[in-house]
Amino acid sequence: MVSIKDVAKECGVSVSTVSKALNGHMDVSEAKKELIRNKAKEMGYSPNSYAKALKTNRSYSIGVLCIDEARNGLTHDFFSKVLNSFKVTVESYGYDITFIANNMNNPYARTYLERCRYRGFDGVIIACVDFEEEQVRELMQSDIPIVVIDYTYNRTISVLSNNLQGMKELTQYAIDMGHTDIAYLYGEDSLVTSNRLSAFYITMEENGIAVNDAYVQEAKYRDMELAAQMTRELLAMENPPTCILYPDDYSCYGGINAIRSMGLRIPEDISVAGYDGSDLSRQLDPEVTTVAQDTERMGSIAAEKLVSLIERPRTTLIEQIMVDATFCKGGTIGKPVKKS
């Protein structure tokens, strides 16, 4: 069996240099890393993960808690893309990921924390869950290194999309296009929803526009049927809005279906906008006006911070990292139709 010493001898470098190169350390040049990696592959060298774990007291395994049934995180465009970017980045550091099963209906099942201890996870990323759930809180309060997505907790590193900035830009664009009768169907109660709702009210106030309370209603994320129903109700009002902002692109698609079924045109008769910048938003005609969240950057930052917290706990700050979103003009917001 080829050993790390064999690779070092063949490359004319020290064992520590080979180890650093294979683990992506910054103090080895890219050229030397490539040389060592190619030689190791050519010689058939494969590091012994068990021996590595004994030496470093790590499992090189990271747990992923993403089990919220209401939003189905694994098929949610935003969370699935964040987690994919996270996976790619942690794997580049030599870590594997394992999803933490949701066995809450089994009274004899281990808690999330117990399962993490049993699996020996070096760290955990948490996204798309009910953060107020008792077992989630227990896990976040433990001594396991943790990074959370789109939530703030004083004992964990948080990576958040800048929902305040994104929603302000979206609302301001609708106002700049001439809309004052703007409806906003917002999602379920969460930090994300709270920030977006505040951004909406702040922007309207900054522009001296009074908000019609009947236009601002709680909906649900990614619920096309409910969005369609609420759209019909808004447009049936005596004084309907000229622009409707939806919780996300999927909800917006539900609204678009309802509007078109009523014989109305977008944006000539009614303007709409989504949020998230999903692939769906670019498939429609016209393209949906939306806000694209930088999922790739959020995932990679979360991975780098978690690896740093695992490997350098004394020098890694527990902090909140805000990632800016990008406003996408699309074509679903036009000038408002003058009311007679």
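Anything mentioned here points back to the structure above.
What counts, and at which threshold
Residues numbered from 1 in each chain as written. Predicted model: local features only at pLDDT ≥ 70, side-chain atom pairs only at ≥ 80, totals over all residues. Heavy atoms only, no water. Helix = DSSP H or I, 4+ residues; strand = E, 2+ residues; numbered from the N terminus. Buried < 20%, exposed > 50% of the residue type's maximum accessible area, 1.4 Å probe, protein only. Contact = heavy atoms within 4.5 Å. Areas by Shrake-Rupley, 256 points an atom, 1.4 Å probe, with all protein chains shown as cover. Lys, Arg positive; Asp, Glu negative; His and termini not counted. Charge placed at Lys NZ, Arg CZ, Asp CG, Glu CD. Salt bridge = Lys/Arg side-chain N within 4 Å of Asp/Glu carboxyl O. Pairing = 2+ DSSP bridges. Axes fitted to C-alpha atoms, helices over the stretch in contact; angles between N-to-C directions. Phe/Tyr/Trp six-rings, centres within 6.5 Å; stacked < 30°, edge-to-face > 60°. Lys NZ or Arg CZ within 6 Å of the ring centre and 35° of its normal. Core = buried A, V, L, I, M, F, W, Y, C linked by side-chain atoms within 4.5 Å. Parallel < 35°, antiparallel > 145°, perpendicular 65-115°, else oblique. 1 Å grid on protein atoms, 1.4 Å probe; cavity = no way out; pocket = protein on both sides within 12 Å on 5 of 7 lines; lining within 4 Å. Points joined across faces, edges and corners; volume = space filled by probe spheres on them. Nonpolar A, V, L, I, M, F, W, Y, C, P; charged D, E, K, R; others polar.

Peer 1: Would you mind going over the overall build of the protein with me for this structure?
Peer 2: Within the protein, the regular secondary structure consists of 13 helices and 12 strands. Principal-axis analysis of the C-alpha atoms gives the protein an extent of 85 × 50 × 35 Å. In the protein, which comprises 340 residues, the proportion classed as buried is 47%. If you take every contact in the protein between residues at least 6 apart in sequence, the share linking residues at least 24 apart comes to 69%. When the accessible surface of the protein is split by element, carbon and sulfur atoms take 47% of a total near 17,400 Å². Each charge class in the protein can be summarised by its mean position, and for the 36 positive and 47 negative side chains these summaries are 9 Å apart.

Peer 1: Sorry if this is basic, but what is going on with the pattern of salt bridges here?
Peer 2: Charged atoms that come close allow side chains of opposite charge to pair. Per the stated rule, a full pass over the model turns up 11 salt bridges. For Glu 91, the salt bridge is made with Lys 87, and the minimal N-O distance between the two is 3.0 Å. Linking Glu 91 with Lys 87, this pair stays in helix H5 (residues 77–92), spanning 4 residues, or about one helical turn. On the basis of relative accessibility, which here comes to 33%, the residue Lys 87 falls in the partly exposed class. With a closest N to O distance of 3.1 Å, Asp 269 and Arg 265 form a salt bridge.

Peer 1: What is the right way to read the sheet that holds strand S6 (residues 182–186) from this model?
Peer 2: Across a sheet, strands are paired by hydrogen bonds formed along the backbone, either parallel or antiparallel in direction. If you trace the 4 strands from one edge of the open sheet to the other, you get S7-S6-S8-S9, paired in parallel fashion. Looking at strand neighbours, the two that pair on one side only are strand S7 (216–218) and strand S9 (271–273), the edges of this open sheet. Strand-to-strand, the axes of this sheet are offset by a mean angle of 15°, without reference to chain direction. Packing against the sheet, helix H8 (residues 163–176) makes contact with S6, strand S8 (243–245) and S9, and its axis sits at approximately 175° to S8. Contacts from helix H9 (residues 191–206) reach S6, S7 and S8, with the element oriented near 170° to S6.

Peer 1: Looking at this model, I keep getting lost on the packing of aromatic side chains. Mind explaining?
Peer 2: Aromatic rings considered in pairs are described by the distance between their centres and by the relative angle of their planes. With the rule as written, the count across this model stands at 7 aromatic pairs. Centroid distance Phe 131 to Tyr 151: 4.1 Å. Interplanar angle 5°. Geometry classified as stacked. Within this pair, whereas Phe 131 is found in the loop between strand S3 (123–126) and helix H7 (134–140), its partner Tyr 151 is found in the loop between strand S4 (146–149) and strand S5 (157–161), the two being separated by 20 residues in sequence. One exposure class covers both Phe 131 and Tyr 151, and it is buried. Taking the centre distance of 5.7 Å and the plane angle of 70° together, the rings of Phe 200 and Tyr 201 count as edge-to-face. Ring pairing ties together the aromatic residues Tyr 184, Tyr 186, Phe 200 and Tyr 201, which thus form one cluster. Just above the ring of Tyr 118 sits the side chain of Arg 110; from NZ or CZ to the centre is 4.1 Å. For the cation-ring pair, Arg 222 lies above Tyr 250, with the distance from its terminal atom to the ring centre recorded as 4.3 Å.

Peer 1: I tried to follow the sheet that holds S4 on my own but got confused; where do I start?
Peer 2: Read across the sheet, 6 strands follow the order S2-S1-S3-S4-S5-S11 without closing on themselves; strand pairing throughout is parallel. With partners counted over all chains shown, the strands left at the sheet margins are strand S2 (96–99) and strand S11 (320–323), one partner each. Ignoring which end each strand starts from, the neighbouring axes of this sheet average 20° apart.

Peer 1: Hey, could you run me through the nonpolar core in this one?
Peer 2: In summary, soluble globular proteins display a tendency toward joint burial of nonpolar side chains. In this structure, Phe 86, Ile 149 and Val 159 are the most contacted members of the largest nonpolar core, which totals 28 residues. Looking at this core, the elements with two or more residues in it are strand S1 (61–65), H5, S4, S5, helix H13 (295–311) and S11. In contact with Ile 149, other than residues within four places in its own chain, are Phe 79, Val 82, Ile 125, Ile 126, Ala 127, Phe 131, Val 159, Met 298 and Ala 302. Counting residues in each nonpolar core, the second largest holds 22 residues, with Ile 175, Met 177, Tyr 275 and Val 291 among its members.

Peer 1: Where do I start with the packing of helix H1 (residues 4–11) against helix H2 (residues 15–22) in this structure?
Peer 2: When two helices pack together, their arrangement is captured by the angle between the axes and the distance separating the axes. Their axes nearest at 8 Å, the elements H1 and H2 cross at an angle of 100°. Taken as axis vectors, H1 and H2 run roughly perpendicular relative to one another. On H2, the residues that touch Ile 4, Lys 5, Val 7 and Ala 8 of H1 are Val 15, Val 18 and Ser 19.

Peer 1: How should I be thinking about empty space enclosed by the protein in this particular structure?
Peer 2: Rolling a probe over the atoms, with the probe sized like a water molecule, indicates the empty space that remains. According to the stated counting rule, one finds 2 cavities of 30 Å³ or more in the structure shown. Estimates place the volume of the second largest cavity at around 40 Å³. The wall of the second largest cavity is formed by Asp 77, Phe 78, Arg 222, Asp 248, Asp 249, Tyr 250, Tyr 275, Asp 276 and Ser 278. Those elements giving two or more residues to the lining of the second largest cavity turn out to be H5 and helix H11 (249–261). When its residues are assigned to classes, the lining of the second largest cavity shows 3 nonpolar, 1 polar and 5 charged.

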